[in-house]
Amino acid sequence: MGELVDRVDEQDRILGPVDRGEAITHHWLHRVATIVCRDGEGRFLVHRRAADMSRFPGQYNFMVGGGAEAGESYEEAAARELTEEIGVRVPVRFALKFLCRGEISPYWLGIHEAVVDEDITPDPDEISWHAWVTEDELREMARRPTFVADSVEALDRYLSRGETAPADPLP
């Protein structure tokens, strides 16, 4: 058995733990927690996924994250993923959640944000390149076919909230 996640319903109510690979294969809803990282200048962290990743290899994304483990809240998963993927421990703040129909499989996507003003250490097994970009540069990148398709809708929803400045760091 691989990574265990909570299978959820159309209202994001937990049905029980399942293998994430099985959830994807059978198109069962599960939870994914992501983080939009911004620096103090408001720039976005963009990265290229490692070429040997099982999902979206070599594609670009503006969110870091992954499946919420069984029994884990979106916020707990976001904080864990932030540390695992870019090597920082900073507060994460919930931004929005929506049912993403997904290119590979449907899932509930919890988007969080974090202000990251320290050096990051990306996990080379997950991230092969990264840079900080402006919102205009990010919008341009998102139009390219090398950008993770699922994150295009997430970007539109994130930016449509009307907040363009980075969130204040949490105490």
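All of these numbers come straight from a predicted model, not from anything done at the bench.

Asker: I'm lost on the side chain of asparagine 61 in this one. Help?
Answerer: On the secondary structure map, asparagine 61 appears in strand β5 (residues 60–61). A polar side-chain atom of asparagine 61 sits 3.4 Å from a polar atom in the side chain of serine 151. Other than its neighbours up to four places away in sequence, asparagine 61 contacts Leu45, Val46, His47, Phe147, Val148 and Ser151.

Asker: Even after reading the chapter, I still don't get the packing of aromatic side chains, so can you show me in this structure?
Answerer: The geometry of an aromatic ring pair is captured by two quantities: the separation of the ring centres and the angle between the planes. This model, assessed by the stated rule, comprises two aromatic pairs. Between the aromatic rings of tyrosine 60 and tryptophan 129, the centroid separation amounts to 5.6 Å while the plane-to-plane angle is 80°, which identifies the pairing as edge-to-face. Of this pair, tyrosine 60 sits in strand β5 while tryptophan 129 sits in strand β9 (residues 127–133), placing them 69 residues apart in sequence. The class of tryptophan 129 is partly exposed, set by a relative accessible area of 36%.

Asker: What am I meant to see in the pattern of salt bridges here?
Answerer: Side-chain pairs of opposite charge can arise whenever the charged atoms involved come near each other. Taken as a whole, this structure holds 15 salt bridges when the rule is applied. Salt-bridge contacts for arginine 20 lead to glutamate 3; the nearest nitrogen and oxygen are separated by 3.7 Å. Within this pair, whereas arginine 20 is found in helix α1 (residues 20–25), its partner glutamate 3 is found in the segment before β1 (4–8), the two being separated by 17 residues in sequence. For glutamate 3, a relative accessible area of 33% corresponds to the partly exposed category. We note a salt bridge from arginine 13 to aspartate 9, for which the minimum N-O separation is 2.8 Å. With relative accessibility at 15%, the residue aspartate 9 sits in the buried group. Within the structure, one salt-bridge network assembled from shared partners comprises Glu69, Glu72, Arg80, Glu81 and Glu84.

Cut-offs and rules
- Residues numbered from 1 in each chain as written.
- Predicted model: local features only at pLDDT ≥ 70, side-chain atom pairs only at ≥ 80, totals over all residues.
- Heavy atoms only, no water.
- Helix = DSSP H or I, 4+ residues; strand = E, 2+ residues; numbered from the N terminus.
- Polar contact = N/O pair within 3.5 Å; in protein donor to acceptor, adjacent residues only side chain to side chain.
- Contact = heavy atoms within 4.5 Å.
- Phe/Tyr/Trp six-rings, centres within 6.5 Å; stacked < 30°, edge-to-face > 60°.
- Buried < 20%, exposed > 50% of the residue type's maximum accessible area, 1.4 Å probe, protein only.
- Salt bridge = Lys/Arg side-chain N within 4 Å of Asp/Glu carboxyl O.

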